Amino acid sequence: MRRAYFVFLFLFLLLSPKPVLAHCPICSAATGALVASARVAGVDDVIVGTFIGAFTISTAFWISNAITRKFGKKIPLQAYVLSVASLALTLASFYVAGLLGTMPSFLYVFGMERLLFGILFGSVLSIITFELHNLMRHYNGNKNYIPFQGMVLPVTVLIAANFAMYLLGVF
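Not measured: the values here are computed from a predicted model.

Undergrad: I would appreciate a short explanation of the overall build of the chain in the present structure.
TA: Looking only at helices and strands, the chain features six helices and two strands. Listed N to C, the secondary structure of the chain is α-α-α-α-β-β-α-α in terms of helices and strands. For the chain, the residues scored as buried account for 30% of the 171 residues in total. Split by element, the accessible area of the chain, about 11,300 Å² in all, is 74% carbon and sulfur.

Laid out in structure tokens, this is it:
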């Protein structure tokens, strides 16, 4: 009898999925764990920061699209307002967790902590590549030039930018 109950519960949960829109607390904790793990592994904070910044902006754009689909309306500059809010919440959670504001001054890049510089740099690159993706689609009849262009373009630009910073001696 007990086994049948668990099978029924499993099938019920499997066949009645609900959409989940989780963001700040869990993602911030997971990203903080990523930063701590990357530091232990010896990965530079600038590299980790660029991908965290891109993840923050991508999540904000995704939430903006979900809100637009749900309510059918878009507030002017909605994606950018959500991007700033998401970035501010991420930076605040990193500061509270002690991941920002604790580095000695010799670890700074352009007067900023390496992680903060990477997050801001990755955020800006992410916004630029999303706009470039939209522009490319506009000129191609609202079609992608390559499959998964919206994911390939930002990741390629982030990897190229990190490689360029490595060659320039930033880290």
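From this point, the narrative continues.
Undergrad: So what exactly am I meant to see when it comes to helix α5 (residues 114-139) here?
TA: The periodicity of an α-helix, 3.6 residues per turn, causes residues three or four positions apart to be oriented the same way. Spanning 26 residues, α5 covers 37 Å between terminal C-alpha atoms, matching the ideal 38 Å at 1.5 Å per step. When α5 is considered as a whole, its buried residues turn out to be Arg114, Leu115, Phe117, Gly118, Ile119, Gly122, Ser123, Leu125, Ser126, Thr129, Phe130 and His133. Gly141 occupies a position one or two residues after α5 and carries a positive phi of about 70°.

Undergrad: What exactly am I supposed to notice about the nonpolar core here?
TA: Proteins that are soluble and globular tend to have nonpolar side chains buried together. Counting 10 residues, the largest nonpolar core consists of Ala38, Val48, Ile52, Leu87, Leu91, Phe94, Leu99, Leu100, Leu115 and Ile119. Elements with a contribution of two residues or more to this core: α3 (45-71), α4 (78-97) and α5. Those residues within four positions of Leu91 in sequence are excluded, and the remaining contacts are Leu100, Leu116 and Ile119.

Undergrad: What am I meant to see in the packing of aromatic side chains here?
TA: Describing an aromatic ring pair means giving the distance of the ring centres and the angle of the ring planes. Tallied over the full model, the rule gives four aromatic pairs. A centroid spacing of 5.4 Å and a plane angle of 55° characterise the contact between Phe110 and Phe117, whose relative ring orientation is tilted. Of the residues examined, Phe110 reaches a relative accessible area of 67% and is grouped as exposed. Taken together, a centroid distance of 5.7 Å and an interplanar angle of 10° make the contact between Phe117 and Phe121 stacked. Placement of both Phe117 and Phe121 in helix α5 is noted, with a separation of four residues, approximately one turn of the helix. Its relative accessible area of 10% is what places Phe117 among the buried residues. Put simply, the rings of Phe61, Tyr80 and Phe130 pair up and form one aromatic cluster.

Undergrad: Help me understand the side chain of Ser126, please; the structure alone is not making it clear to me.
TA: Among the structural elements, Ser126 can be located in helix α5. Not counting residues within four places of it along the chain, the set of residues in contact with Ser126 comprises Ala54, Ile57 and Ser58.

Undergrad: Got a minute to help me understand the pattern of salt bridges in this structure?
TA: Opposite charge on two side chains lets them pair, provided their charged atoms get close. Counted under the stated rule, the structure contains one salt bridge. Across the salt bridge formed by Arg114 and Asp44, the nearest N and O atoms sit 3.0 Å from each other. One end of the pair, Arg114, is in helix α5; the other, Asp44, is in the loop between α2 (24-41) and α3, and 70 residues separate them in sequence. Among the residues examined, Arg114 registers a relative accessible area of 12% and is labelled buried.

About the cut-offs
- Residues numbered from 1 in each chain as written.
- Predicted model: local features only at pLDDT ≥ 70, side-chain atom pairs only at ≥ 80, totals over all residues.
- Heavy atoms only, no water.
- Helix = DSSP H or I, 4+ residues; strand = E, 2+ residues; numbered from the N terminus.
- Buried < 20%, exposed > 50% of the residue type's maximum accessible area, 1.4 Å probe, protein only.
- Areas by Shrake-Rupley, 256 points an atom, 1.4 Å probe, with all protein chains shown as cover.
- Expected span 1.5 Å × (residues − 1).
- Core = buried A, V, L, I, M, F, W, Y, C linked by side-chain atoms within 4.5 Å.
- Contact = heavy atoms within 4.5 Å.
- Phe/Tyr/Trp six-rings, centres within 6.5 Å; stacked < 30°, edge-to-face > 60°.
- Salt bridge = Lys/Arg side-chain N within 4 Å of Asp/Glu carboxyl O.

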